[in-house]
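Residue-level structure breakdown
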Amino acid sequence: MVVHTPDPILREGVLGQLRRYPEVSLKEETESGPGTVALFVEDLLDKAAMTKLRRVVRSEGARTVLVVRALRETEFLDVIECGVGAIVWRHEATAQRLVQAVLAAARGDGDLPADLLGRLLNQVGTLQRNAAGRHGLPSSGLTAREVDVLRLVAEGLDTSEIADKLSYSERTIKNVVQGLTTRLHLRNRAHAVAYAIREGYL
């Protein structure tokens, strides 16, 4: 795991807390790349921070956890679409909460605060109502099974819970998610949910 923050004191504080957890392997900022989890700690998400976030996710292929004080609606969707898998509010960023988010990101799972999940579900409802007026299916052609899986991902369920709910194996659920993210060039589960919302499936 790599820590990115413009504040060197904050960086040392985060590293000091996370060193107590052997399940988290800490690396230097220059070692970011595919398979690495990048932990971004920002006060607010300005243009420079968003540019760096996109570079680390898209160019370097790192899985990302964003720790931020607040997010506007447009920033929230931009962050999800960029490929950020986990978001933690600064006021909730205990060492244990950070470890939980880092491990979820490392597995490719999403991890959102409850209020952000609520905002996401509200947007789902709004987009569903707007999509009701459109005729036919969106052109990307998500299957009914993919939509079922993404709906449960959006509700915060993990792979085993989705498998139980839909009576599939965990392997099948992973294959469904992997198949649609590969086919549609999506970064992770959270990005897939954002895509499905924007396309009117959810």
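Procedures and definitions
Residues numbered from 1 in each chain as written. Predicted model: local features only at pLDDT ≥ 70, side-chain atom pairs only at ≥ 80, totals over all residues. Heavy atoms only, no water. Helix = DSSP H or I, 4+ residues; strand = E, 2+ residues; numbered from the N terminus. Buried < 20%, exposed > 50% of the residue type's maximum accessible area, 1.4 Å probe, protein only. Contact = heavy atoms within 4.5 Å. Axes fitted to C-alpha atoms, helices over the stretch in contact; angles between N-to-C directions. Parallel < 35°, antiparallel > 145°, perpendicular 65-115°, else oblique. Nonpolar A, V, L, I, M, F, W, Y, C, P; charged D, E, K, R; others polar. Core = buried A, V, L, I, M, F, W, Y, C linked by side-chain atoms within 4.5 Å. Pairing = 2+ DSSP bridges. Right-handed = clockwise from strand over helix to strand, strands pointing away. Arc of directions from axis to C-beta. Phe/Tyr/Trp six-rings, centres within 6.5 Å; stacked < 30°, edge-to-face > 60°. Lys NZ or Arg CZ within 6 Å of the ring centre and 35° of its normal. Left-handed = near helix turned anticlockwise from the far one by under 90°. Patch = residues over 30% accessible without salt bridge, like charges linked within 9 Å, V, L, I, M, F, W, Y side chains within 5 Å. Areas by Shrake-Rupley, 256 points an atom, 1.4 Å probe, with all protein chains shown as cover. Salt bridge = Lys/Arg side-chain N within 4 Å of Asp/Glu carboxyl O. Lys, Arg positive; Asp, Glu negative; His and termini not counted. Charge placed at Lys NZ, Arg CZ, Asp CG, Glu CD. 1 Å grid on protein atoms, 1.4 Å probe; cavity = no way out; pocket = protein on both sides within 12 Å on 5 of 7 lines; lining within 4 Å. Points joined across faces, edges and corners; volume = space filled by probe spheres on them.

- Going by an unreviewed UniProt entry, the protein carries the name Helix-turn-helix transcriptional regulator and comes from Streptomyces spiralis.

**Some details on the overall build of the protein**
- Secondary structure assignment for the protein yields 9 helices and 4 strands.
- Within the protein, the proportion of its 202 residues that are buried is 48%.
- Pairs at least 24 residues apart make up 68% of the contacts formed inside the protein by residues separated by at least 6 positions.

**Notes on the packing of helix α7 (residues 159-166) against helix α8 (residues 170-183)**
- Taken N-terminus to C-terminus, the directions of α7 and α8 make an angle of 105 degrees; their axes are 8 Å apart at the nearest point. In terms of orientation, α7 lies roughly perpendicular with respect to α8. Only E170, I173 and K174 of α8 make contact with α7, whose side of the interface consists of T159, S160, I162, A163 and L166.
- Partitioning the contact of α7 with α8 into residue classes produces 4 nonpolar, 2 polar and 2 charged.

**Some remarks on the nonpolar core**
- By size, the foremost hydrophobic cluster in this structure holds 46 residues, and its most contacted members are L66, L71, V79, I87, L150, V193 and L202.
- In this structure V193 touches L120, L150, V153, A154 and L202, once residues within four positions along its chain are discounted.
- Counting residues in hydrophobic clusters, the runner-up holds 18 residues, among them L18, V24, L98 and A105.

**Quick word on the pairing of strand β4 (residues 86-89)**
- Here β4 shows a buried face lined by A86 and V88 and a second buried face lined by I87 and W89.
- Examined bridge by bridge, strand β3 (residues 63-68) and β4 share 4 bridges and lie parallel to one another. Among the inter-strand pairings, V65 is bridged to a residue of β4, identified as A86.
- Running through helix α3 (residues 73-82), the crossover from β3 to the neighbouring parallel element β4 is right-handed.

**So, helix α1 (residues 8-18)**
- What α1 keeps buried is the set R11, V14, L15 and L18. Down the axis, α1 shows its buried residues gathered within 95 degrees of arc, on one side only.

**Quick notes on the pairing of β3**
- Burial analysis of β3 places 5 of its 6 residues in the buried class, the great majority of the element.
- In terms of handedness, the path from strand β2 (residues 37-42) via helix α2 (residues 47-59) over to β3 forms a crossover that is right-handed.

**Regarding the packing of aromatic side chains**
- Scanning all chains against the criterion turns up 0 aromatic pairs.
- Over the face of the ring belonging to Y168 we find R145, whose NZ or CZ atom lies 5.3 Å from the ring centre.

**Brief notes about the packing of helix α6 (residues 144-154) against α7**
- Contact pair α6 / α7: the axes reach a minimum separation of 10 Å and the direction vectors enclose 130 degrees. The pairing of α6 with α7 is recorded here as oblique in orientation. Every pair of crossing elements has a handedness; the one defined by α6 and α7 is right-handed. Counting all contacts with α6, which are made through D148, V149, L152 and V153, the residues of α7 involved are I162, K165 and L166.
- Tallied by class, residues from the contact of α6 with α7 come to 5 nonpolar, no polar and 2 charged.

**Some points on a negative patch on the surface**
- Taken together, the side chains of D158, E161, D164 and E170 define an acidic patch exposed on the protein surface.
- Along the polypeptide, D164 turns up in helix α7.

**Digging into the layout of surface pockets**
- Taken as a whole, the largest pocket holds about 520 Å³ of empty space.
- Lining the largest pocket we find 21 residues, and of these R63, G108, R187, N188 and R189 sit closest to its centre.
- Of all the secondary structure elements, the ones that give two or more residues to the lining of the largest pocket are β3, α4 (95-107) and α8.
- Per-element accounting of the lining of the largest pocket gives the leading share, 4 residues, to α8.
- Residues belonging to the lining of the largest pocket are distributed by class as follows: 5 nonpolar, 10 polar and 6 charged.
- The computed volume of the second largest pocket comes to approximately 350 Å³.
- Residue lining of the second largest pocket: 19 residues in total, with G110, D111, L112, V153 and G156 positioned closest to the centre.
- Mapped onto the lining of the second largest pocket, the elements with two or more residues apiece are α4, α5 (114-131), α6 and α9 (189-198).

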